[in-house]
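Descriptive structure summary
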Amino acid sequence: MNPAIQRHRAAIKRKEFSRPIRLGLDEALISEHTTFFDYGCGHGDDVKGLNKQGIKATGWDPVFQA
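In this report, we go over the structure that sits alongside the text. (Residues numbered from 1 in each chain as written. Predicted model: local features only at pLDDT ≥ 70, side-chain atom pairs only at ≥ 80, totals over all residues. Heavy atoms only, no water.)

Each regular strand displays side chains that alternate between the two surfaces of the sheet. Only one face of strand β2 (residues 56–60) is buried: it carries Ala 57 and Gly 59, and the other face, with Lys 56, Thr 58 and Trp 60, is open. One crossover worth recording links strand β1 (residues 35–39) to the parallel β2 by way of helix α2 (residues 45–52), and it is right-handed. (Buried < 20%, exposed > 50% of the residue type's maximum accessible area, 1.4 Å probe, protein only. Helix = DSSP H or I, 4+ residues; strand = E, 2+ residues; numbered from the N terminus. Right-handed = clockwise from strand over helix to strand, strands pointing away.)

In structure tokens:
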């Protein structure tokens, strides 16, 4: 039996970038010269933070639709 995943409980509100975003920025994989799409972005905190830094980022979450 597979328990249902309560996706609305999986998103974390963040004040800092998530680890994958920090690594992408540190390695220059994400920069003002790139665009970024975050599928499953939860509340969209990474997307908002990237946009504040001048990086074109968008996201979509099937539960939160950020």
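A few words now on unusual backbone geometry. Unlike most non-glycine residues, Ala 28 shows phi in positive territory, near 60°. Mapped onto the elements, Ala 28 comes out in the loop between α1 (19–26) and β1. On the accessibility criterion, Ala 28 (55% relative accessible area) is exposed.

Here we come to the pairing of β1. By the bridge criterion, five bridges tie β1 to β2 in an arrangement that is parallel. Bridging from a neighbouring strand, Phe 37 pairs with Thr 58 of β2. (Pairing = 2+ DSSP bridges.)

Structural measurements only, silent on function.
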